[in-house]
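Here's the letter readout for the chains.
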Amino acid sequence: RPGHVPQGSALGRTKVFLKEQLVSRLEAAKLSAWARATTAIQAQGRAAIARRARRALAALALAEAVARDALGREDSAAALEALSDLAALWRDGGDAVAVCLPAAAVERRQAATAALEAAVRACEAEVQRRARERAREEEERRLQEQQKAEAEAAAAAAAAAEAAAET
């Protein structure tokens, strides 16, 4: 209210004089307001970090599922692509996950990713081995057909030569 001077204070021409008791009450009110504001800001920050971590975890889980599905279908190209996506997600979103999860949980997820990577590499090696084996079998089949054709041609030439010798 205008003209009202709180008890424990005095107004000068250019200054306000406060007793220690009033200063301590004002200081306590200021600290309380700061604490409420700080808590609200921290809550918003933690919520944003948690949302980012949840999105990162969901993306990691999806990439893992895609890689495992590709492994199940023995599609090494798709599995490698999913693995590449997974590595990028760990690189880009791993810090958000690491902030929200305990270190042991992050280590387990990374170990699972490493095991998945090993499985994908093994699948890729197996697919390449099968491709080499199919190519080798195809080459053997082609050589057998060529030898058979040469043998038939030689037999036909011998039969023609024998027929020519008879006439």
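Residues numbered from 1 in each chain as written. Predicted model: local features only at pLDDT ≥ 70, side-chain atom pairs only at ≥ 80, totals over all residues. Heavy atoms only, no water.

## Section: a nonpolar patch on the surface
1) Next: Residues Leu11, Val16, Leu18, Val23 and Leu26 make up a contiguous nonpolar surface patch of roughly 450 Å² in combined accessible area.
2) Next: For the nonpolar patch, the elements supplying multiple residues, two or more each, are β2 (16-18) and α1 (20-72).
3) Next: In this structure, Val16 sits in strand β2. (Patch = residues over 30% accessible without salt bridge, like charges linked within 9 Å, V, L, I, M, F, W, Y side chains within 5 Å. Areas by Shrake-Rupley, 256 points an atom, 1.4 Å probe, with all protein chains shown as cover. Salt bridge = Lys/Arg side-chain N within 4 Å of Asp/Glu carboxyl O. Helix = DSSP H or I, 4+ residues; strand = E, 2+ residues; numbered from the N terminus.)

## A look at the confidence of the model for the chain
1) Next: The share of residues in the chain with pLDDT of 70 or more is 94%, and the mean pLDDT across the chain is 83.
2) Next: Of all secondary-structure elements in the chain, the lowest mean pLDDT belongs to helix α2 (residues 76-100), at 76, while α1 reaches the highest, 87. (pLDDT = per-residue confidence, 0-100.)

## A word on the packing of α1 against helix α3 (residues 103-166)
1) Next: Taken N-terminus to C-terminus, the directions of α1 and α3 make an angle of 25°; their axes are 10 Å apart at the nearest point. As far as their axial angle goes, α3 and α1 are roughly parallel. Both α1 and α3 take part in a crossing whose hand is left-handed. Of α3, the residues touching α1 (which contributes Leu57, Leu60, Ala61, Glu64, Ala67, Arg68 and Leu71) are Arg109, Ala112, Thr113, Leu116, Ala119, Val120 and Cys123.
2) Next: Of the residues assigned to the contact of α1 with α3, the class counts are 10 nonpolar, one polar and three charged. (Axes fitted to C-alpha atoms, helices over the stretch in contact; angles between N-to-C directions. Parallel < 35°, antiparallel > 145°, perpendicular 65-115°, else oblique. Left-handed = near helix turned anticlockwise from the far one by under 90°. Contact = heavy atoms within 4.5 Å. Nonpolar A, V, L, I, M, F, W, Y, C, P; charged D, E, K, R; others polar.)

## Section: α3
An α-helical segment advances 3.6 residues per turn. Residues three or four places apart therefore align on the same side.
1) Next: Here α3 contains 64 residues, and its C-alpha end-to-end distance of 93 Å stays within 8% of the 94 Å for a straight helix at 1.5 Å per residue.
2) Next: Among the residues of α3, Ala105, Val106, Thr113, Leu116, Val120 and Cys123 are the ones counted as buried. (Expected span 1.5 Å × (residues − 1). Buried < 20%, exposed > 50% of the residue type's maximum accessible area, 1.4 Å probe, protein only.)

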